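Inside the fold
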Amino acid sequence: MPQICLEVALNGPWSRSLQPGMPITTDELIAQGIACARAGAAVVHVHVYDPDTGRQREDYDAYAKVIEGIRAVEDVIVYPTLPLSGSRDAATAMTPEARFAVVEALARDGLLEWAVVDPGCAILSSLSEIRAGREGFVYHNSEAEVRHGLDLARTYGFHPSYAIYEPGFARLGAALAAQVPGVPRPIYRFMFSEGFTFGYPPRGYALDSYLALMAELDPGAPCMIAGLQVDILPLIGAAVPAGVHVRVGLEDAPFGTELSNIGWTEAAAQAIAQSGGTLAGAAEIRRKIAGR
């Protein structure tokens, strides 16, 4: 039976106006991270917010409290995001060093096992915005930033978590990682969507396409299905027999979903079991997702 890593992304770069149920405070993030771990998630991804303004921020202390708070109770892998580059609300003209500053500080203190290193750029436009005449934005990750992230991964021993919005992200990510001897193996997270126009919708042919590409680029690399504004549950039946891991949560779910993070985790765990898979714990994931 395939051992499947189940990741939960607790909130994302949204707001409660788009995703009313998402956790914002430190206590909420810790409590939901622990509850999702007990429901089967072995990996937890978080964004931290200023609870007074409801806006995302990058803050070492806030991330450290969440990571340590969850891991003090459950043995799970917890990792943060990067500053969102390209959106109207994001800081502009950040150097690679500035963009990865909080990640580097957390890694230096031994708090990171995985970290976001997204290898490429994509236009994030939602179908609803297009119909309303509003423009999306370019999610920007320069090659210099990707190279810097991979250098940090090699230095501090964390695994790059690659969000693959388009097939070219996988090609660039594999090519750059191959030039960094000793970097821990990246996790390739295929990003599907029903509400945005990037990449593929969550269809079997799309997963087959990605897996065929990965067989050429990085055979045996750990791969995962996920996305934004997407219900990924129907794709689990095709993913599990192929040994593909799964991510759910309020970052990825359709906006306004009635399911909580715990509900999404429980539903994914059930779908994985029904598809013939077993849930891998964090210790098993650490053994399986080994260096090159």
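Residues numbered from 1 in each chain as written. Predicted model: local features only at pLDDT ≥ 70, side-chain atom pairs only at ≥ 80, totals over all residues. Heavy atoms only, no water.

Focus on the overall build of the chain
Each helix and strand in the chain was counted, giving 11 helices and 14 strands. Compactness check: the chain gives a C-alpha radius of gyration of 17 Å against a globular reference of 19 Å for 292 residues, within 12% of the reference. On the principal axes, the C-alpha backbone points of the chain span a range of 45 × 45 × 45 Å. Across the 292 residues that make up the chain, the buried fraction comes to 55%. Long-range contacts, defined here as pairs at least 24 residues apart, represent 74% of the contacts in the chain between residues at least 6 apart. (Helix = DSSP H or I, 4+ residues; strand = E, 2+ residues; numbered from the N terminus. Rg over C-alpha atoms; globule rule 2.2 N^0.38 Å. Buried < 20%, exposed > 50% of the residue type's maximum accessible area, 1.4 Å probe, protein only. Contact = heavy atoms within 4.5 Å.)

A short note on the sheet that holds strand β3 (residues 43–46)
Pairing within the open sheet is parallel, and its eight strands lie in the order β6-β3-β2-β13-β12-β11-β10-β7. The strands lining the two open edges of the sheet, one partner per strand, are β6 (77–80) and β7 (114–116). Across this sheet, the average inter-strand angle for adjacent strands is 25 degrees, counted without regard to direction. When β7 meets strand β10 (residues 159–164), the two strands line up parallel, connected through three bridges. (Pairing = 2+ DSSP bridges. Axes fitted to C-alpha atoms, helices over the stretch in contact; angles between N-to-C directions.)

Considering the packing of helix α6 (residues 143–156) against helix α7 (residues 167–177)
Where α6 meets α7, the closest approach of the two axes is 10 Å, and the angle between their N-to-C directions is 50 degrees. Here α6 is positioned oblique relative to α7, judged by the angle of their axes. For the pair α6 and α7, the crossing hand works out as right-handed. Facing E143, V146, R147 and L150 of α6, the residues of α7 in contact are L172, L176 and A177. (Parallel < 35°, antiparallel > 145°, perpendicular 65-115°, else oblique. Left-handed = near helix turned anticlockwise from the far one by under 90°.)

A look at the pairing of strand β11 (residues 187–192)
Most of β11 sits inside the fold, with six of its six residues counted as buried. Side chains of β11 alternate between two faces, with I187, R189 and M191 and Y188, F190 and F192 buried alike. Looking at chain direction, β10 and β11 are connected through four bridges and run parallel. From the neighbouring strand, Y162 faces β11, where its bridge partner is Y188. With α7 bridging β10 and the parallel β11, this β-α-β connection has right-handed handedness. Both β11 and strand β12 (residues 223–227) contribute to a ladder of five bridges, which runs parallel. Bridge pairing in β12 places F192 opposite G227. (Right-handed = clockwise from strand over helix to strand, strands pointing away.)

Concerning α7
Taken together, the buried positions of α7 are occupied by F169, A170, G173, A174, L176 and A177. An end-on view of α7 places all buried positions within 165 degrees of arc, on one side of the element. The inward-facing, buried residues of α7 contact β8 (122–124), α6, β10, β11 and α8 (204–217). (Arc of directions from axis to C-beta.)

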